[in-house]
Amino acid sequence: MNAAQTAVSEEALAQLHGKSMRRQRRWALWGSYIALTVFTFMFLIPPIYTLTTSLKTSAEISSRQGNPWLVQHPVLDNFIELITDDHFQTFFLNSVKITVVVVILSMVISILAAFALARMRFWGSAALATGVFLTYLVPESLLFIPMFQIVGALGLMNNTWSLVLLYPTLTVPFCTWIMIGYFSSIPKELDEAALIDGATYLQMLVKIFIPVALPGIIAATIFAFTVSWGQFLYPLAFLFSSDQMVLTVGIVTELIRGDVFQWGKIMAGSLMAALPPVIIYAFLMDYYISGLTAGATKG
Amino acid sequence: MAEVSDVPSEFALRTAATAGQVNGLRRLLRRRSTIAFLMTLPLILVIVGLVAWPSVYSIYLSMLNKKMTAFVGIDNFTFLLKRSTFQMVIFQTVFFAVAAVIFKALIGFILAHLMHNIPSKTQRAYRALLLLPWVIPAAMSTLTWWWLFDPSYSAFNWALNVLGAPAVPWLGETWWARFSVILVNVWIGAPFFMIMYLAALKSVPEELYEAAAIDGASAWQKLVHITLPMMRNIISITVLFSLILTFANFDIVRILTNGGPQDQTHLFSTYAFQVGIQSGDIPLGASVSLFMLPLLAVFAYFILSGVNRRTKEVM
């Protein structure tokens, strides 16, 4: 009887304990949901405000009547005017042109180099890998002054193509770095088998390494794309006429004339300029995030 | 006849094959390093031609006079250090970077923990939305912040007025402007910290927490004795990495304040742009941006040793 009593009370205690644990867990869960929702809302205020302003007419923006966070008469005029604007089209095409060329160039350079660095040990390969990492840490704000002189000496000042020379300094080191990580994680048995079968290094790269490391290649491509698309300092320093301008700087220089700010159009323009990276992110989020974390964790 | 000649020809073929193998092996060894060199050549050209050489050239430029006709040694650096504007730029850059990184790290840490509490299905949706500030090109989102901070149309001030609070001179007064540029930087960078910490949190073995729970450890004890030690490496790498990016930041200050009011929010990068490109004093601009170099070198050293340690741990 005594023993049974203790057994019962112990069971009850365990049940009670389990209940309180479960209650605690549920509180943690709901608390996290509430806090995350508040955080998400705060983080999304600027993008939402970009959208609402882009749908307003200049009259509505300058009237200062009513709630600025809401749109009274949503119109697409800002978008239509920008899309049909010659300058804006030029900026957009220049951005696309430069980004495509830089992405292809960066990926070719970094895939070739990463393969050699990951698999073909040669004199100075370890030093070169460290060098890749160090150049990745050199920011554009350290390089733009000497580059101003170099670009000028090459006669490429105010020429969109100068960016093809400049952007790889930002994309190639990181892309090479994460590609080394992805290539190194491929088991050595695979390339030994290929070598025995008489494959050349190039065949090995094209037929084994690129297909197996495709997730890494996608992650690196996304990185190269977002960096080249969003770069602001280099075009601001090296381009000044609107036929050579790219989107990021063009929106600022074109739509702000002296004290006249066409905020509706500026917001519509910045929304459209932000769209390509956001769309890519929406569809390839997992690759995007694996590229983000690969920088510090090496693949 | 055909049958007789078959044997020697086969023999000849076989010896040729062995000879070819030896020859090929030698050629392979020779070719292997040549191929490797050719494959890395474009990378070497980028590193040496577009990063290393300009860096060295920048040091040379910083030792010239304004017209770039005479060598002046370290005069540009001593001139800068004596100017009160530049002393303020040094202070502001350090203040901006340290304050922004602390807040990014804290908010990122809180967000990562909250995310870790919820099931992974809903985690994806929150993660997708929370990472947006990092995905949008910084120059583009900063334009919206500029509009939100507008002196006469600020939507923040409208909301403050509704709540009965006075309007804030977001970009008009020194400390408010400093607060605003840090706020925007934290908004952009905190999601990056969240992603890094979340990845680290997921790699902490669940058994450790279970063992701690059996021992009756509180949530705080679990954080201090398990989570933080396990995440130490990733935290330090992320913080150092973000310090570099924040020290070198350009877009936010350039768009929001362009250094104003009265040069009080300039960073090394924006000040170098103003002095070097806009005022046309290339050597002085080069000197300004070179002040970043020692700090970057120290951070890079620590990151590199951190990454190497981590790689060894993983292997």
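Residues numbered from 1 in each chain as written. Chains lettered and ligands numbered in written order. Predicted model: local features only at pLDDT ≥ 70, side-chain atom pairs only at ≥ 80, totals over all residues.

**Focus: the overall build of chain B**
The helix and strand inventory of chain B stands at 14 helices and zero strands. Mapped in sequence order, the helices and strands of chain B form the string α-α-α-α-α-α-α-α-α-α-α-α-α-α. A total of 315 residues make up chain B; the buried ones form 40% of that total. Sequence-distant contacts in chain B: of pairs separated by 6 or more residues, those separated by 24 or more amount to 67%. (Helix = DSSP H or I, 4+ residues; strand = E, 2+ residues; numbered from the N terminus. Buried ≥ 20, exposed ≤ 12 C-beta atoms within 10 Å, placed from the backbone. Contact = placed C-beta atoms within 7 Å.)

**Observations concerning the overall build of chain A**
Helix and strand content of chain A: 15 helices and two strands. The C-alpha radius of gyration of chain A comes to 27 Å, more than 25% above the 19 Å expected for a compact globule of 299 residues. Taken over the C-alpha atoms alone, chain A extends approximately 100 × 75 × 35 Å along its principal axes. Counting across all 299 residues of chain A, residues that qualify as buried make up 44%. (Rg over C-alpha atoms; globule rule 2.2 N^0.38 Å.)

**Thoughts on the domain arrangement of chain A**
Domain annotation for chain A reports domain 1 (2–42) and domain 2 (77–297). The gap between the C-alpha centroids of domain 1 of chain A and domain 2 of chain A is 49 Å. (Domains from an automatic or database assignment.)

**Considering the interface of chain B and chain A**
Listed by partner, the interface residues are 74 residues for chain B and 71 residues for chain A. In terms of residues, the side of chain B that touches chain A owes the most to one element, helix α1 (residues 2–61) of chain B, which gives 18 residues. The residue makeup of the side of chain B that touches chain A, split by class, is 58 nonpolar, 13 polar and three charged. (Nonpolar A, V, L, I, M, F, W, Y, C, P; charged D, E, K, R; others polar.)

**Section: the packing of helix α6 (residues 140–153) of chain A against helix α12 (residues 268–278) of chain B**
Contact geometry of α6(A) with α12(B) gives a least axis separation of 9 Å together with a crossing angle of 10°. With respect to each other, α6(A) and α12(B) are oriented roughly parallel. Taken together, the residues of α12(B) that come into contact with α6(A) (itself represented by Ser141(A), Ile145(A) and Phe148(A)) are Ser269(B), Ala272(B), Gly276(B) and Ile277(B). Residues belonging to the contact of α6(A) with α12(B) are distributed by class as follows: four nonpolar, three polar and no charged. (Axes fitted to C-alpha atoms, helices over the stretch in contact; angles between N-to-C directions. Parallel < 35°, antiparallel > 145°, perpendicular 65-115°, else oblique.)

**Quick notes on unusual backbone geometry**
Residues and elements named next belong to chain B. One non-glycine residue, Met-68, lies in the positive phi region at around 60°. Its place among the elements puts Met-68 in the loop between α1 and α2 (75–82). At Gln-262, a position not held by glycine, the phi torsion is positive, near 50°. Tracing the backbone shows Gln-262 in the loop between α11 (251–256) and α12. Of the residues examined, Gln-262 has 11 C-beta atoms within 10 Å and is grouped as exposed.

**Description of the packing of helix α5 (residues 125–136) of chain A against helix α8 (residues 168–184) of chain A**
Residues and elements named next belong to chain A. With their axes 8 Å apart at the nearest point, α5 and α8 run at an angle of 135° to one another. Taken as axis vectors, α5 and α8 run oblique relative to one another. For the element pair α5 and α8, the recorded crossing hand is left-handed. Facing Ala-129, Val-132, Phe-133, Thr-135 and Tyr-136 of α5, the residues of α8 in contact are Pro-173, Phe-174, Thr-176, Trp-177 and Ile-180. Class assignment for the residues of the contact of α5 with α8 results in eight nonpolar, two polar and no charged. (Left-handed = near helix turned anticlockwise from the far one by under 90°.)

**Focus: the nonpolar core**
Note on soluble globular proteins: their nonpolar side chains tend to be buried together. In this structure, Phe115(A), Met194(B) and Leu256(B) are the most contacted members of the largest nonpolar core, which totals 170 residues. With sequence-adjacent residues up to four places away left out, Met194(B) is seen in contact with Gly108(B), Leu111(B), Ala112(B), Met115(B) and Leu130(B). (Core = buried A, V, L, I, M, F, W, Y, C linked by C-beta atoms within 7 Å.)

**So, the environment of Thr142(B)**
Residue and element names in this part refer to chain B. Residue placement: Thr-142 occurs in helix α6 (residues 138–148). On the basis of neighbour counts, which here come to 26 C-beta atoms within 10 Å, the residue Thr-142 falls in the buried class. As a C-alpha pair, Thr-142 and Trp-176 span 34 residues in sequence and 16 Å in three-dimensional space.

**A short note on α6(B)**
Burial of α6(B) is extensive: 11 of the 11 residues sit out of reach of the surface. Every buried residue belonging to α6(B) is among Ala138(B), Ala139(B), Met140(B), Ser141(B), Thr142(B), Leu143(B), Thr144(B), Trp145(B), Trp146(B), Trp147(B) and Leu148(B), and all of these are buried.

**Considering the confidence of the model for chain B**
In low-pLDDT regions, the fine details of the predicted coordinates are not to be read closely. Residues and elements named next belong to chain B. In the predicted model, chain B carries a mean pLDDT of 86, and the fraction of residues at 70 or more is 88%. Contacts of residues 1–16 to residues separated by more than four positions or lying in other chains number zero contacts, the stretch itself having pLDDT below 50. The ipTM value of the predicted complex is 0.88, and its pTM value is 0.87. (pLDDT = per-residue confidence, 0-100.)

**Details of the environment of Leu51(A)**
Residue and element names in this part refer to chain A. Examined against the element boundaries, Leu-51 turns out to sit in helix α1 (residues 2–54). For Leu-51, a count of 15 C-beta atoms within 10 Å gives the class partly exposed. The sequence separation of Leu-51 and Ala-113 amounts to 62 residues, and the corresponding C-alpha distance is 42 Å.

**Re the environment of Leu183(B)**
All names here are of chain B. Note on placement: Leu-183 falls in helix α8 (residues 174–203). You can call Leu-183 partly exposed: it has 17 C-beta atoms within 10 Å. With 38 residues separating them in the primary sequence, Leu-183 and Trp-145 have C-alpha atoms 9.8 Å apart.

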